[in-house]
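The lines below spell out each chain.
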Amino acid sequence: MLRHAIAPVRRYTKASHDVVRHSRLNSDAKILLLYVQGLPEGADPRPLSEHAGRLGMKGRAYQKAKQLLAECGYLHEWREQGARGRWVTEQLLANVTLTREEAAGARTGEAVAVAPPVPPSERPPTVGGPSERTVGDSPPKEEEQEEKNLPHPPPEDHTGGQTPPDLAEAEGVLLSLRYVNRDLLLGVREARLLAGAAAEWLRRGVTAADLRRALTTGLPADGIRSAVGFLRHRLLQKLPAAKVLTPAPQPERPAAPPRQTLVTCPGPGTEHVFRPRSDETHCLRCRTAAAYEATLQPLSRTLSAQWRTRVEECVSGG
């Protein structure tokens, strides 16, 4: 590849190789950072979204560039409530990576100490004269494998590939804390280490929303140095009491009435007995027959006489 470059003499912005060659920043994040750093000293302070809009960067592209700048330490935000109750967001964009403490110092006007580049040290000469180069074949494959720096093996999974539901929910709550406060950013391994303590909260009846609220309220004003240590201490110290399940009281059943003795029924037919429930003198069969004779039998006789008369009138009239 051929390269042709002319150094500009005016209207240019100095860019560090750390920014231009950053592996995690995409092109939108780099252009937005260089654009803001190239603004004149007397420029009006505007939100980062307006500068991105002038570059034609909107929607998802702007949100992705903003997220990468914040994760890499170039962008810092503070959300505070003003005297009149309105929430105000203050942004700080630097051309070097800053920690939360360094960004807070730069916000208040303190000078940020940047370590100067360390020059390469001079290597002392090797003692002795030059030796001849050993002639031979390349080392065997076994030696090459021993000398290779292999990556760390993945963590062992003792659950057979299936994470319990309470651990999975607790890990999701811990990983979502970064959206509430950036100081609570956890890695996947760190969230798995704390998932057991967080799952204990869920087993004791605490919902996921209440767990997230308990871990994000009352944070230190000067920031959090170690998110893992802070969350571990809060999970252990604020662990709620175990929920005691008390059995529901059994409803009291009314006492069964005493059983009556057998009584002889004075009704027609053969002699038979029955067990009365209150003060009955006849059995159910006799009482039913008596009620039928008193009500339904006269009615059936009346209806039969009426039909007989109607039929006779129809026959005589025909």
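Analysis parameters
- Residues numbered from 1 in each chain as written.
- Predicted model: local features only at pLDDT ≥ 70, side-chain atom pairs only at ≥ 80, totals over all residues.
- Heavy atoms only, no water.
- Helix = DSSP H or I, 4+ residues; strand = E, 2+ residues; numbered from the N terminus.
- Buried < 20%, exposed > 50% of the residue type's maximum accessible area, 1.4 Å probe, protein only.
- Contact = heavy atoms within 4.5 Å.
- Areas by Shrake-Rupley, 256 points an atom, 1.4 Å probe, with all protein chains shown as cover.
- Arc of directions from axis to C-beta.
- Pairing = 2+ DSSP bridges.
- Salt bridge = Lys/Arg side-chain N within 4 Å of Asp/Glu carboxyl O.
- 1 Å grid on protein atoms, 1.4 Å probe; cavity = no way out; pocket = protein on both sides within 12 Å on 5 of 7 lines; lining within 4 Å.
- Points joined across faces, edges and corners; volume = space filled by probe spheres on them.
- Nonpolar A, V, L, I, M, F, W, Y, C, P; charged D, E, K, R; others polar.
- pLDDT = per-residue confidence, 0-100.
- Phe/Tyr/Trp six-rings, centres within 6.5 Å; stacked < 30°, edge-to-face > 60°.
- Lys NZ or Arg CZ within 6 Å of the ring centre and 35° of its normal.
- Polar contact = N/O pair within 3.5 Å; in protein donor to acceptor, adjacent residues only side chain to side chain.
- Axes fitted to C-alpha atoms, helices over the stretch in contact; angles between N-to-C directions.
- Parallel < 35°, antiparallel > 145°, perpendicular 65-115°, else oblique.
- Left-handed = near helix turned anticlockwise from the far one by under 90°.
- Core = buried A, V, L, I, M, F, W, Y, C linked by side-chain atoms within 4.5 Å.

**Considering the overall build of the protein chain**
(1) Moving on: A tally of regular secondary structure across the protein chain gives 11 helices and four strands.
(2) Moving on: Relative to its full complement of 318 residues, the protein chain shows a buried share of 21%.
(3) Moving on: In the protein chain, 48% of the contacts between residues at least 6 apart in sequence involve partners at least 24 apart.
(4) Moving on: Only carbon and sulfur atoms are counted for the fraction: they give 54% of the accessible area of the protein chain, which is about 26000 Å².

**So, helix α2 (residues 27-37)**
(1) Moving on: Taken residue by residue, α2 has Ala29, Lys30, Leu32, Leu33 and Val36 as its buried positions. Projected down its long axis, α2 shows its buried positions confined to an angular sector of 165°, all on one face.

**Concerning the pairing of strand β1 (residues 75-81)**
Across a regular strand the side chains alternate sides, sitting on one face of the sheet and then on the other.
(1) Moving on: Pairing of β1 with strand β2 (residues 87-93) involves seven bridges; the strand directions are antiparallel. Each bridged residue has a counterpart across the sheet, and for Trp78 the counterpart in β2 is Glu90.

**Quick notes on the pattern of salt bridges**
(1) Moving on: Inspection of every chain in the model, using the stated rule, returns 12 salt bridges.
(2) Moving on: Across the pair Asp183 and Arg100 runs a salt bridge whose closest N-O atoms are separated by 4.0 Å. With Asp183 in the loop between α7 (165-175) and α8 (188-203) and Arg100 in helix α5 (residues 100-107), the pair connects residues that are 83 residues apart, well separated along the chain.
(3) Moving on: Judged by relative accessible area, which is 17%, Asp183 ranks as buried.
(4) Moving on: Taking the shortest distance from any N to any O, the salt bridge between Glu171 and Arg192 comes out at 3.7 Å. One end of the pair, Glu171, is in helix α7; the other, Arg192, is in helix α8, and 21 residues separate them in sequence.
(5) Moving on: When salt bridges that share partners are traced, they join Asp166, Glu200, Arg203 and Arg204 into one network.

**What about unusual backbone geometry?**
Working note: non-glycine residues mostly have negative phi, and peptide bonds are mostly trans.
(1) Moving on: Even without a glycine there, the phi angle at Arg11 is positive, about 55°.
(2) Moving on: With relative accessibility at 78%, the residue Arg11 sits in the exposed group.

**With respect to the layout of surface pockets**
(1) Moving on: Considered as a void within the structure, the largest pocket measures approximately 1400 Å³ in volume.
(2) Moving on: Lining the largest pocket are 37 residues, and of these Glu77, Arg100, Asn181, Arg182 and Asp183 sit closest to its centre.
(3) Moving on: Here the residues of the lining of the largest pocket sort into 13 nonpolar, 10 polar and 14 charged.
(4) Moving on: Put simply, the second largest pocket is a space of about 490 Å³.
(5) Moving on: Of all the elements in the fold, those that place two or more residues in the lining of the second largest pocket are α2, α3 (48-54) and β2.
(6) Moving on: The dominant element in the lining of the second largest pocket, judged by the number of residues it contributes, is β2, at three residues.

**Looking at the confidence of the model for the protein chain**
(1) Moving on: Scored by pLDDT, the protein chain comes out at a mean of 79, with 81% of its residues at no less than 70.
(2) Moving on: Within the protein chain, no element has a lower average pLDDT than helix α6 (residues 141-147), which sits at 46, and none a higher one than helix α4 (residues 59-71), at 91.
(3) Moving on: Predicted confidence for residues 141-148 stays below pLDDT 50, and this span has one contact to residues more than four positions away or in other chains.

**Considering the packing of aromatic side chains**
(1) Moving on: Enumeration according to the criterion identifies zero aromatic pairs in this entry.
(2) Moving on: The cationic tip of Arg178 hangs over the ring face of Tyr179; the distance from NZ or CZ to the ring centre is 5.5 Å.

**A word on the side chain of His272**
(1) Moving on: With respect to the element layout, His272 can be found in the loop between β3 (263-264) and β4 (273-274).
(2) Moving on: His272 gets classed as buried once you look at its relative accessible area, which sits at 15%.
(3) Moving on: Engagement of the side chain of His272 in a polar contact is seen with the backbone oxygen of Thr270, the distance being 2.8 Å.
(4) Moving on: Beyond its immediate sequence surroundings of up to four residues, His272 is in contact with Val263, Thr264, Cys265, Cys283, Arg285 and Cys286.

**Quick look at the packing of α8 against helix α9 (residues 208-216)**
(1) Moving on: Where α8 contacts α9, the axes come no closer than 9 Å and their chain directions differ by 130°. In this view, α8 runs oblique relative to α9, as classed from their interaxial angle. Where α8 crosses over α9, the handedness of that crossing is right-handed. Where α8 abuts α9, its residues Ala198, Trp201 and Leu202 lie against Ala208, Leu211 and Ala214.
(2) Moving on: Partitioning the contact of α8 with α9 into residue classes produces six nonpolar, no polar and no charged.

**A look at the nonpolar core**
Side chains that are nonpolar tend, in soluble globular proteins, to be buried together.
(1) Moving on: Counting residues in each nonpolar core, the largest one holds 23 residues, and the members touching the most others are Leu174, Leu186, Leu194, Leu211, Leu215, Leu231 and Leu235.
(2) Moving on: Broken down by element, this core gets its largest block of residues, six residues, from α8.
(3) Moving on: Residues in contact with Leu186, not counting those within four places in the same chain, are Leu174, Leu175, Leu194, Ala227, Val228 and Leu231.

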